[in-house]
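Structural description and commentary
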Amino acid sequence: MTAQAAHDPSMSSYYVTDAFYRALVEQFSDWQRDELAIADPAERDRFRMLIEREARLLDQLAFDEWLAMYAPECIYWVPASPEAGDPRREVAISFDDRRRMEDRIFRLRTGYAWSQAPKSRTVRMVSNVEVFAAAGEGVRMVRSNFLISEFRPDGVRFLSGFNGHRFVADRGRWLIAVRQVNLIDCDQNLRNPSIVI
Amino acid sequence: MLDKINVTPARNASNRYDWDELVQEDRVHRLIYTDPAIFEAEMTQIFGAVWVYVGHESQIARNDDFITTRLGLRPIILLRDSQGVIRALFNRCTHRGTTLCRKDKGSARTFTCPYHGWSYLNSGKLRAVPWPDGYACDFKDAKYNVAQVPRVESYRGFIFGTLNLDAPPLLDYLGGIAKPIDEWLDRQPKGRIAVCEANRLKFKGNWKLAYDNSGDGYHVVFSHRSLLEMENRQADVANKGMSYYKSSPDTSPMYMAYMGNGHHFKDKRPAIEKRAGGLWAVEGPAPGTEHYQEELRRRYGGKADDILDLASSEPVNINVFPNFSLLGNHIQVFEPVSVDETNVTWYGTAVVDEDGALGGAVDTINTLRMRTMEQFPNFGEVDDLANFEEIQRGLACLEDEWIYMHRGLGIPDRVKTDANGVIMAPATDEAFMREYIKEWKRLMKAKPNIAVKREP
């Protein structure tokens, strides 16, 4: 039993430990390897559908359903450099654990998040979904490209990049343990990055 | 060698306006935020004429290290040359004007222009020109060496540059603001920090909107209401983060001190219990908070509170005119892009502990510090920037000309000047805005002695 198991990860943060960071950096260092790619169409379809669903829920601002797609001990990680960097030594654009993901949603719902007043309207395209095997039977790494069209009152802009999803099997479902959002302009000055990307 | 500057476009704008009409005691005219000609003049009168922050020594730690940055709009290569001299080279080939370096950072003894292959030592000296037989000139003439900022000085790792030969030494320019900078550094082991990655943001608005806000204690509970509600959503007692603003901040022990030369200091430390762990006690929740707090307490016992304070946001805003702020654990840099666009970059800083004063806790505390530093740019700054953009939009009302900054003005005994000339006011007053904009006005009228330097 992990230390966190005794605690509600929405209320306190016990799982973000040195060991957790070490594993995270390792898991996201060398995973897009041809020899690990899974060609089975059914398997690829399964994860493509999950990623499409996540994109839709975010477009619909259906945040409770979105959060439910994540494992209790999860990370939403938007690195600030193209090589992603080591989050122990660098700030990220965002590096949220479960509680901070819920903080993020809480803030957006206060009615006082001026950067989202009015709320952005978004549509997300996801494509180029590739599924990779990873150490451990119940784990998959999935790479997909995204293009977010974001409308705010002064126009439409585009955010693009690729997502690295780490899925874990949990009682017959696949939950998102980590999503690493790699914006192509992550190391540039960004205007109003206040949506969940 | 110093170049005489032949054409200064800014002079034209400087003469075009009645600056005393635009900047009055209690208000300023919208044009100072909206007029492209004023912006162009500022690039010389302000960003050429005073000491401007260009980078931190830890970003160019070894000889031959460089970063690319800007001085106003001028692209700059900030580097430590092969002899260890810190220089700010114009990122511009003397031949045809091409930028010499297109990387954000790296290490290089020479820079070779991609266009025609002219190459330069990192001292700025011309090294070689392809097929020199085709030239009648003497390439030993200093005018072919890369132009560089004539004065570059550091204060405790923070590097500033100016083109103004008549500017006072950096330390004199900093004046009273050097003390809060010292205190900000000296809470770290050996008074040192290292710059790490950044939260890089921008907004569609004039750069002064960010500087106006830098010491503003009036906006906090309004502009940051969502953040305050967020970080206290689980607290038994709602005292996390900037909660000390909530009850009558006008009479709080926090204060604002205007230090001259456009610099000001908002000190919120008096609102926090002064004890080991006092800062940590009000730090909002971050990833790893509970785990690391317990681990450090287990490992370090009573010393853990001091260590945890290093992962906590230092409650100060130290603002050095025109583009540099220390706040929390961030170095915030304002970078004008155009009259209505500004980059606001929040560089993270890490604790450095080569002597082991923290007993091996440095990596742990930096890990936690990265997460606490991400909070404000994610959940606070974005709302400020949205409000700055909406100011810029509101200023499109041509006929509604004035912007007020008169909070605290004219109230007896409220704004005080001490024996050193430091102007003290409640943290919620706009006294610092009035004072810095007076300095801005003085600079816009001035005749700075602008030059660039070249290696002999």
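Residues numbered from 1 in each chain as written. Chains lettered and ligands numbered in written order. Predicted model: local features only at pLDDT ≥ 70, side-chain atom pairs only at ≥ 80, totals over all residues. Heavy atoms only, no water.

1. Considering the overall build of chain B
Summing up its helical and strand segments, chain B has 14 helices and 23 strands in all. The C-alpha atoms of chain B give a radius of gyration of 23 Å, which matches the 23 Å a tight globule of 456 residues would have. Along the first, second and third principal axes, the C-alpha atoms of chain B reach 80 × 60 × 40 Å. Put simply, chain B has 456 residues, and 61% of those count as buried. Look at the contacts in chain B between residues 6 or more apart in sequence, and 67% of them connect residues 24 or more apart. Total accessible area computed for chain B in this model is approximately 18,300 Å², and 50% of it derives from carbon and sulfur atoms. (Helix = DSSP H or I, 4+ residues; strand = E, 2+ residues; numbered from the N terminus. Rg over C-alpha atoms; globule rule 2.2 N^0.38 Å. Buried < 20%, exposed > 50% of the residue type's maximum accessible area, 1.4 Å probe, protein only. Contact = heavy atoms within 4.5 Å. Areas by Shrake-Rupley, 256 points an atom, 1.4 Å probe, with all protein chains shown as cover.)

2. Observations concerning the pattern of salt bridges
Pairs can form between side chains of opposite charge whenever their charged atoms are close. On inspection of all chains with the given rule, the structure shows 53 salt bridges over all chains. Among the salt bridges present, the one from Glu290(B) reaches Arg99(A), with a minimum N-O distance of 2.7 Å. Here Glu290(B), found in helix α11 (residues 289-300), pairs with Arg99(A), found in helix α4 (residues 98-109), and the two come from separate chains. Each member of the salt-bridge network shares a partner with another, and the members are Lys179(B), Glu183(B), Asp267(B) and Arg269(B). (Salt bridge = Lys/Arg side-chain N within 4 Å of Asp/Glu carboxyl O.)

3. Thoughts on the interface of chain B and chain A
Taken together, the contact between chain B and chain A spans 46 residues of the former and 42 residues of the latter. Around 4,000 Å² of area is buried between chain B and chain A when both sides are counted, 50% of it from carbon and sulfur atoms. Taken together, chain B and chain A are joined by four salt bridges. Here chain B is connected to chain A by 34 residue pairs in polar contact (both at pLDDT 80 or more). Looking at chain direction, strand β7 (residues 190-191) of chain A and strand β13 (residues 193-203) of chain B are connected through two bridges and run parallel. Paired with Arg191(A) across the two strands is Lys202(B), which belongs to β13(B). (Buried area = accessible area lost by both parts, 1.4 Å probe. Polar contact = N/O pair within 3.5 Å; in protein donor to acceptor, adjacent residues only side chain to side chain. Pairing = 2+ DSSP bridges.)

4. Notes on the side chain of Lys266(B)
Residues and elements named next belong to chain B. Within the fold, Lys-266 resides in strand β15 (residues 263-267). No salt bridge is formed by the buried Lys-266; the nearest opposite charge belongs to Asp-216, separated by 6.1 Å. Apart from residues no more than four positions distant in its own chain, Lys-266 is found in contact with Gly-215, Asp-216, Gly-217, Tyr-245, Tyr-255, Met-256, Pro-315, Val-316, Asn-317 and Ala-427. (Lys, Arg positive; Asp, Glu negative; His and termini not counted.)

5. Remarks on the sheet that holds strand β6 (residues 173-183) of chain A
All names here are of chain A. The strand order across the open sheet built from six strands is β2-β1-β6-β5-β4-β3, with neighbouring strands paired in mixed fashion. Pairing within the sheet leaves two strands with one partner each, and these edge strands are β2 (94-97) and β3 (121-133). With direction set aside, neighbouring strand axes in the sheet form an average angle of 20 degrees. Helix α2 (residues 41-59) rests against β1 (70-78), β3, β4 (139-152), β5 (155-170) and β6 of the sheet, and its axis sits at about 155 degrees to β3. (Axes fitted to C-alpha atoms, helices over the stretch in contact; angles between N-to-C directions.)

6. Some remarks on a nonpolar patch on the surface
All names here are of chain A. On the surface, Val-123, Met-125, Leu-147, Phe-151, Val-156 and Phe-158 cluster together into a nonpolar patch covering about 550 Å² of accessible area. By the element assignment, Phe-151 lies in strand β4. We classify Phe-151 as partly exposed; its relative accessible area is 30%. (Patch = residues over 30% accessible without salt bridge, like charges linked within 9 Å, V, L, I, M, F, W, Y side chains within 5 Å.)

7. Here we look at unusual backbone geometry
Note that the residue after Ala117(A), namely Pro118(A), is joined by a cis bond; omega there is 0 degrees. Relative to the helices and strands, Pro118(A) resides in the loop between α4 and β3. With an omega dihedral of 5 degrees, the bond running from Phe321(B) to Pro322(B) counts as a cis peptide bond. Unusually for a residue other than glycine, Asn192(A) sits at a positive phi of about 45 degrees. Within the fold, Asn192(A) resides in the segment after β7. A residue is classified by how much of its surface remains accessible, and Asn192(A), at 13% relative accessible area, is buried.

8. So, the environment of Met444(B)
Residue and element names in this part refer to chain B. Structurally, the position occupied by Met-444 is in helix α14 (residues 431-445). When its relative accessible area of 0% is taken as the criterion, Met-444 is described as buried. On a C-alpha basis, the gap between Met-444 and Gln-45 in space is 5.5 Å, while along the polypeptide they are 399 residues apart.

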